[in-house]
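# Fold and contact review
Take a look at the letters that make up each chain.
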Amino acid sequence: MYRYDQYDHQIVKERVAQYRDQVRRRLSNELAEDEFRILRLQNGLYMQRHAYMLRIAVPYGLLSAPQVRKFAHIARKYDRGYGHFTTRQNIQFNWIKLEESPDILAELATVEMHAIQTSGNCIRNITSDELAGVAADEVIDPRPYAEILREWSTFHPEFAYLPRKFKIAINGSEEDRAATAVHDIGLAMARNPAGDIGFRVMVGGGMGRTPIIGSVIREFLPWQHALTYLEAILRVYNQHGRRDNIYKARIKILVKAIGAEEFARQVEAEWIDIKDGPGTLTVEELQRVAQYFTAPAYETLPATDTGFETRKAEDKAFANWIKRNVKAHKVAGYAAVILSLKKTGVPPGDLTADQLDFVADLSERYSFGEVRVTHEQNLVLADVKQSELFALWQEAKAQGLATPNIGLLTDIICCPGGDFCSLANAKSIPIAQAIAEKFDNIDFQHDIGDIELNISGCINACGHHHIGNIGILGVDKDGAEWYQVSIGGAQGNNTSIGKIIGPSFSAHQMPAVIERLLDVYVKQRTEDERFIDTVQRIGVAPFKEFVYATPILLDQPHGEDACV
Amino acid sequence: MPVSNSEIIKNRAVVADDWTVLRLSEGDTADSVTIPAGKVILPLAVWQARRTELQGRTPLGVWLNSDAQADAIKDDLEQFEVIGINFPIFTDGRGYSIAFNLRTRYGYAGELRAIGDVLRDQLFYMQRVGFNAFAVRADKNIHDALKGLTDFSEKYQASWDEKTPLFRRVQRQPVTQD
Ligand code: HEM
Ligand code: SF4
């Protein structure tokens, strides 16, 4: 994992001092709220429904055990005892006092962390594949490039006041696990026929009000040119992106308006002057950064561990967990474990301070002291010996972190919604909870198989509803909370945007709506066909017909909303 | 209506300023506005409309609004002693790219002045892309704003002020924290 050198330390330390003084000036009214707002947002501090929320950067989702322990400490000392992992691989704390925020940043700096550019109209935290470096299907390890991009984008003087937020994702495996197609820039690492390493560059993807899948503007960009080429993209966007209308300010609107070809032409024209300039990456720099991402001290192990195989055969619950929560590893005898943060009854992505401490311990005992965050709001221990999976499972289970539901119905992606977010049109956490309660049965979930259910509390799409196989969007109708349902969305190599099935539903109807969608699937599926494949084969119509065929009776109220 | 601030930050010091920034008021047009005598920084539109009349007048300055492009004056750079870039609001970041292109792409070497909604917490970035003068918003303390220029002592990426990125400039080595 990347470790700060004296320069990283210095920059983060100076940031803390700068921010502390900004807070001081705000509190003494030297800074107006309008002036301060932008500054605090670039430090991840939002004003939310009840309190300030602090979003801490987890660069490309990688954490060390001491960093996770620091979160636990922050949760206890400055918050109400828990944190919330997000679809951007970051962590958020919901109950922060402005006066204490500089102290939190100072504490974070001691473990090489910060909240720089986790919000605001600048280049946000770079996201990547949570299995980077260990995935069996990896082509090139994206982590060194992600770190190089992190440094380059940190306090980039020209791009701190862009028309809108700017998100970059990078993926290095055959399977896209970083949702690159719905980012402002999506980089897919590849080799050209000569074997050189580079990127396929996609721009203009995004969700929100206008969901768009990114366009490829360059099939192959040699890695040395990553920074100068991105600089050119950002410069074109900075000057030509719309600033008159916040809803049209993302780069996706610019790319759509002028066309991907014309956009690419302008980028190339901008690039020509800086290509091969000092921003060109060097082999030395790549090596410097890459040395932090070398393999840990793996043991030489047999490809399969017999004790593990026996346990799996004997214990169905363990086998279920292995099937869903354990992923193939490129080193023989090892596996990557996904700790589910989706236990029924808990808001998706939430972890208590004690659980954070526990995860830190677990990672030290089983996985070289490293933890990763997934954009599905789960955690990963990436380097676990097969022979230790059983012991790890038992411990994780005791802490509620081993629900065998990864990729299943209750592994719901869910934004904070109306419970916390001031932009929400509707609550989303209670909807996730009501659905999870109704379909808590693990055998049923395993029978349904791979399915992605994503929920956002408003059109901003923080819960990725557009790319959920089933997407739920909170909408406001005459001041009441309603939910619009879409199906057929997908992430990964065949990213697609879901189609809305029809009029929206009330909160208590939602579990029944999901049940009906699943009924259609179960009836229509061919053997081994996943939900998404059935939707793609038979289309939206049969689902729509069945869901709306008869009224949904409200005999089974669910969740908090049921009593209102 | 001519606006003149008596002090600006220039080359990292607060100095007296004897330039006048000409802004068109309602009813003014670029063709007809009266250009005051003395050191004046003209709106781009006035320069473009009255180029023949103004050519050869020295000293002269021009200012670009944030929606302009650096290439609008790329062939006239030697005419100006000052080029201003206006920030209609401090969150409008286009001026940073204009400045960068004026300096690096078109080689402008004279005074590059940020005008408009110019505040302390943006100055560090502004100087990085090429501004060397700042007409800080009149209701703010200019001596306080001066501190904004030194918020950071290091930077990762190259820009106009620092021609080489950190990775080419220094030997970077892991450190253990005490
Ligand atoms: C603090 C509460 C939050 C606020 C006020 C907020 C605000 C927004 C806004 C305004 C947008 C739309 C931006 C645009 O399309 O231009 C957006 C999009 C998004 N936010 Fe949030 N957000 C919040 C929390 C979150 C959380 C908790 C997550 C992760 C779980 C998240 C991840 C995202 C993602 C992935 C998008 C989609 C961006 C895209 O690709 O179009 N946000 N958010
Ligand atoms: S989708 Fe809407 S409600 Fe949910 S976190 Fe984002 S802005 Fe808030």
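Residues numbered from 1 in each chain as written. Chains lettered and ligands numbered in written order. Predicted model: local features only at pLDDT ≥ 70, side-chain atom pairs only at ≥ 80, totals over all residues. Heavy atoms only, no water.

### Examining the overall build of chain A
On a plain count of helices and strands, chain A comes out with 18 helices and 20 strands. For a compact globule of 564 residues, the expected C-alpha radius of gyration is about 24 Å, and chain A comes in at 23 Å, within 12% of that figure. By its C-alpha atoms, chain A is 60 × 60 × 55 Å across when sized along the principal axes. Here chain A, with 564 residues, has 64% of them falling under the buried criterion. Partitioning the contacts of chain A with sequence separation of at least 6, the portion at a separation of at least 24 is 69%. Summed over its atoms, the accessible surface of chain A is roughly 20400 Å², and 50% of this surface lies on carbon and sulfur atoms. Side-chain charges of chain A comprise 62 positive and 74 negative groups, with the mean position of each set lying 4 Å from the other. (Helix = DSSP H or I, 4+ residues; strand = E, 2+ residues; numbered from the N terminus. Rg over C-alpha atoms; globule rule 2.2 N^0.38 Å. Buried < 20%, exposed > 50% of the residue type's maximum accessible area, 1.4 Å probe, protein only. Contact = heavy atoms within 4.5 Å. Areas by Shrake-Rupley, 256 points an atom, 1.4 Å probe, with all protein chains shown as cover. Lys, Arg positive; Asp, Glu negative; His and termini not counted. Charge placed at Lys NZ, Arg CZ, Asp CG, Glu CD.)

### Here's the deal with the overall build of chain B
When helices and strands are tallied, chain B shows six helices and nine strands. Counting only C-alpha atoms and orienting by the principal axes, one finds that chain B spans roughly 65 × 35 × 25 Å. The burial tally for chain B puts 53% of its 178 residues in the buried class. Restricting to contacts in chain B with at least 6 residues of sequence separation, those with at least 24 account for 46%. Within the structure as shown, chain B displays about 7700 Å² of accessible surface, and the carbon and sulfur contribution to it stands at 47%. Across chain B, the 22 positively charged side chains and the 24 negatively charged ones have centroids separated by 5 Å.

### Notes on the coordination of the iron atom of ligand 1
What the protein offers the iron atom of ligand 1 as a donor is a single atom, Cys462 of chain A (SG), at 2.1 Å. Mapped onto the elements of the fold, Cys462 of chain A is located in the loop between β17 (453–456) and β18 (470–477). (Donors = N, O, S within 2.8 Å, 3.2 Å for Na, K, Ca; no water.)

### Brief notes about the site of ligand 1
Residue and element names in this part refer to chain A. Not every one of the 24 residues close to ligand 1 is listed here, only the nearest: Gln48, Thr87, Lys165, Met207 and Cys462. The contact in question runs from an oxygen atom of ligand 1 to an N or O atom on the backbone of Met207, over 2.8 Å. Interatomic distance of 3.5 Å between a backbone N/O atom of Gly208 and an oxygen atom of ligand 1. Broken down by class, the residue content of the shell around ligand 1 amounts to nine nonpolar, eight polar and seven charged. (Near = heavy atom within 4 Å. Polar contact = N/O pair within 3.5 Å; in protein donor to acceptor, adjacent residues only side chain to side chain. Nonpolar A, V, L, I, M, F, W, Y, C, P; charged D, E, K, R; others polar.)

### Quick word on the pattern of salt bridges
Tallied over the full model, the rule gives 67 salt bridges over all chains. Linking Arg40 of chain A and Glu33 of chain A is a salt bridge whose minimum nitrogen-to-oxygen distance equals 2.8 Å. A salt bridge links Asp276 of chain A to Lys275 of chain A; the shortest N-O distance between them is 3.7 Å. On the basis of relative accessible area, Lys275 of chain A is assigned to the partly exposed category, the value being 32%. One salt-bridge network, in which partners are shared between bridges, spans Asp5, Asp8, Glu147, Arg150, Glu151, Glu285 and Arg288 of chain A together with Arg172 of chain B. (Salt bridge = Lys/Arg side-chain N within 4 Å of Asp/Glu carboxyl O.)

### Examining the interface of chain A and chain B
Each partner contributes to the interface: chain A provides 55 residues, whereas chain B provides 43 residues. Where chain A meets chain B, there are 10 salt bridges. Of the charged contacts, one joins Arg105 of chain B and Glu270 of chain A as a salt bridge, the two residues approaching to 3.4 Å between their closest N and O atoms. Where chain A packs against chain B, one counts 26 residue pairs in polar contact (both at pLDDT 80 or more). Counting only elements with at least two residues in the side of chain A that touches chain B, the list comes to α1 (6–27), α2 (33–41), α4 (101–110), α5 (143–153), α6 (226–240), α8 (260–271) and α9 (283–290) of chain A. Here the residues of the side of chain A that touches chain B are counted per class, giving 19 nonpolar, 17 polar and 19 charged.

### Considering the side chain of Thr282 of chain A
Relative to the elements of secondary structure, Thr282 of chain A occurs in the loop between α8 and α9. Judged by its relative accessible area of 16%, Thr282 of chain A is buried. If we skip the residues at most four places from it in the chain, Thr282 of chain A touches Trp223 of chain A together with Phe167 and Arg168 of chain B.

### Describing the environment of Lys499 of chain A
Following the sequence through the fold, Lys499 of chain A ends up in strand β20 (residues 499–500). Not counting residues up to four positions away in its chain, the partners in contact with Lys499 of chain A are Val485, Ser486, Ile487 and Val540 of chain A.

### Comments concerning the sheet that holds strand β11 (residues 326–328) of chain A
Residues and elements named next belong to chain A. Read across the sheet, five strands follow the order β3-β14-β15-β12-β11 without closing on themselves; strand pairing throughout is antiparallel. Of all strands in the sheet, those with a lone pairing partner are β3 (62–64) and β11, marking the two edges. Across the sheet, the axes of successive neighbouring strands diverge by a mean angle of 35°, strand direction being ignored. (Pairing = 2+ DSSP bridges. Axes fitted to C-alpha atoms, helices over the stretch in contact; angles between N-to-C directions.)

### Regarding the domain arrangement of chain A
Residue and element names in this part refer to chain A. As assigned here, chain A comprises domain 1 (6–110), domain 2 (142–291), domain 3 (306–399) and domain 4 (413–548). Taken together, the contact between domain 3 and domain 4 spans 13 residues of the former and 14 residues of the latter. Sorting the residues of domain 3 by area buried against domain 4 places Arg324, Thr344 and His375 first, and these three jointly supply 41% of that buried surface. At the surface where domain 3 touches domain 4, the tally comes to two salt bridges. A salt bridge links Lys316 to Asp443; the nearest nitrogen and oxygen atoms lie 2.9 Å apart. One can count seven residue pairs in polar contact (both at pLDDT 80 or more) joining domain 3 with domain 4. Taken together, the residues of the side of domain 3 that touches domain 4 sort by class into three nonpolar, five polar and five charged. (Domains from an automatic or database assignment. Buried area = accessible area lost by both parts, 1.4 Å probe.)

### Brief notes about unusual backbone geometry
In this structure, the amide linkage connecting Thr58 of chain B to the following residue, Pro59 of chain B, adopts the cis form with an omega of -5°. A positive phi angle is found at Ala179 of chain A, which is not glycine, with a value near 50°. Its location among the elements puts Ala179 of chain A in the loop between β7 (168–171) and β8 (185–191). Positioned with a positive phi, Arg12 of chain B is a non-glycine residue whose angle comes to about 70°. On the secondary structure map, Arg12 of chain B appears in the loop between β2 (7–10) and β3 (13–16).

### Regarding the packing of aromatic side chains
The relation between two aromatic rings is expressed through the spacing of the ring centres and the mutual angle of the planes. For the structure on display, the rule yields 27 aromatic pairs over all chains. Plain terms: the ring middles of Phe131 of chain B and Phe134 of chain B are 6.5 Å apart, the flat faces sit at 45° to each other, and that makes the pair tilted. The residues Phe131 of chain B and Phe134 of chain B share a single accessibility class, namely buried. Over the ring of Trp95 of chain A we find Arg80 of chain A; its NZ or CZ atom is 3.5 Å from the centre of that ring. The ring of Trp160 of chain B is capped by Arg103 of chain B, whose NZ or CZ atom sits 4.6 Å from the centre of that ring. (Phe/Tyr/Trp six-rings, centres within 6.5 Å; stacked < 30°, edge-to-face > 60°. Lys NZ or Arg CZ within 6 Å of the ring centre and 35° of its normal.)

### A short note on the environment of Thr300 of chain A
Residue and element names in this part refer to chain A. Mapping Thr300 onto the fold places it in the loop between α9 and α10 (306–314). Among the residues examined, Thr300 registers a relative accessible area of 82% and is labelled exposed. Separated by 189 residues in sequence, Thr300 and Val111 have C-alpha atoms that sit 32 Å apart.

### Focus: the site of ligand 2
Around ligand 2, the surrounding shell consists of Cys415, Pro416, Gly417, Cys421, Leu423, Ala424, Ser456, Gly457, Cys458, Asn460, Ala461 and Cys462 of chain A. Tallied by class, the residues present in the shell around ligand 2 amount to eight nonpolar, four polar and no charged.

### Let's talk about the confidence of the model for chain B
Mean pLDDT over chain B: 94, with 95% of residues reaching 70 or higher. Reported confidence for the predicted complex is 0.95 by ipTM and 0.95 by pTM. (pLDDT = per-residue confidence, 0-100.)

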